[in-house]
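Close look at the chain arrangement
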Amino acid sequence: MKGTLGFRRTALAGAVLATALGGGAFLVACGAGGQDGGGATAGGAARLSVADSYIPMPPAGGMAAGYLTVRNEGGEDDELVKVSSPGASSVTMHRSTASTMEQVEKLDVPAHGALQLARGGTHLMIMGWQKAPVLGDELELDLTFTRTGTISVKVPVKELTYRPGQQ
């Protein structure tokens with residue numbers, strides 16, 4: 001009987017140890033998903049790029065609108081929180097509706113998505129040009145994002161009727 005009791009204790013101790021180790025491995029595996037910013041943002045940090053940027057030729061010395069697309073190939077949302085330019089005194093972000101235009105403080109750039117600044121919708125207002133723009137000029141815009149930091153892009157001045165993809 002004594003030998004059987006010793007075997008049972010050893011088997012029981014082995015089972016407890018196996019359960020503890022298995023449970024610990026399960027917790028480590030479950031916790032590993034949070035290291036890139038959380039399970040809801042699988043795919044890593046925001047990875048931003050800018051495309052289709054242009055500024056329609058403004059009236060002499062006037063304000064101009066700016067349009068572009070910010071693509072996010074990463075798995076984390078970001079926000080455009082500021083736009084500035086060494087070639088203009090002020091660049092602000094606006095949202096247009098059917099009857100109004102309002103300045104906004106930030107614009108969302110969704111994970112695996114895009115922020116599109118386009119005619120009739122969300123856009124930039126550029127004021128106080130350092131020099132009057134002419135067709136073909138490029139204005140540097142510094143786009144500042146919550147997570148990604150600042151991205152500088154050169155935005156071409158195009159004719160007033162320009163539409164990307166239609167030229």
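Just so it is clear, the model here is predicted, and its values are computed rather than measured. (Residues numbered from 1 in each chain as written. Predicted model: local features only at pLDDT ≥ 70, side-chain atom pairs only at ≥ 80, totals over all residues. Heavy atoms only, no water.)

1. A look at the overall build of the protein chain
From N to C terminus, the protein chain includes 1 helix and 10 strands. Order of helices (α) and strands (β) in the protein chain, N terminus to C terminus: α-β-β-β-β-β-β-β-β-β-β. Relative to its 167 residues, the protein chain shows a buried fraction of 33%. Restricting to contacts in the protein chain with at least 6 residues of sequence separation, those with at least 24 account for 67%. (Helix = DSSP H or I, 4+ residues; strand = E, 2+ residues; numbered from the N terminus. Buried < 20%, exposed > 50% of the residue type's maximum accessible area, 1.4 Å probe, protein only. Contact = heavy atoms within 4.5 Å.)

2. Thoughts on the nonpolar core
Ranked by size, the top nonpolar core spans 27 residues in total, and within it Leu80, Val83, Leu124, Ile126, Leu141, Leu143 and Phe145 carry the most contacts. Residues within four places of valine 83 in sequence aside, it is in contact with Val91, Met93, Leu124, Leu141, Asp142 and Leu143. By size, the runner-up hydrophobic cluster in this structure holds 5 residues, among which are Tyr54, Tyr67, Met125 and Tyr162. (Core = buried A, V, L, I, M, F, W, Y, C linked by side-chain atoms within 4.5 Å.)

3. Some remarks on unusual backbone geometry
One non-glycine residue, aspartate 52, lies in the positive phi region at around 55°. Turning to its location among the elements, aspartate 52 is positioned in strand β1 (residues 48–56). Looking at aspartate 52, the relative accessible area reads 43%, which means it is partly exposed. For histidine 112, which is not glycine, the phi torsion reads 55° and is therefore positive. Here histidine 112 shows up in the loop between β6 (107–109) and β7 (113–117). Relative accessible area serves as the criterion here: at 56%, histidine 112 is assigned to the exposed category.

4. Things to note about the packing of aromatic side chains
A complete count under the given rule lists 2 aromatic pairs for this structure. Consider the rings of tyrosine 54 and tyrosine 67, whose centres lie 5.2 Å apart with planes at 40°: the pair is tilted. You can see tyrosine 54 sitting in strand β1 and its partner tyrosine 67 sitting in strand β2 (residues 64–72), a full 13 residues away along the chain. Tyrosine 67 shares its class with tyrosine 54; the two are buried. Both rings, one in tyrosine 54 and one in tyrosine 162, keep their centres 4.9 Å apart while their planes meet at 70°; by these two values the pair is edge-to-face. (Phe/Tyr/Trp six-rings, centres within 6.5 Å; stacked < 30°, edge-to-face > 60°.)

5. Quick word on the pairing of strand β10 (residues 149–158)
Where β1 and β10 come together, 2 bridges link them in parallel fashion. By the bridge assignment for β10, isoleucine 55 is matched with valine 157. With 8 bridges connecting them, strand β9 (residues 138–145) and β10 associate as antiparallel partners. Opposite leucine 143, over in β10, you have isoleucine 151 as the bridge partner. (Pairing = 2+ DSSP bridges.)

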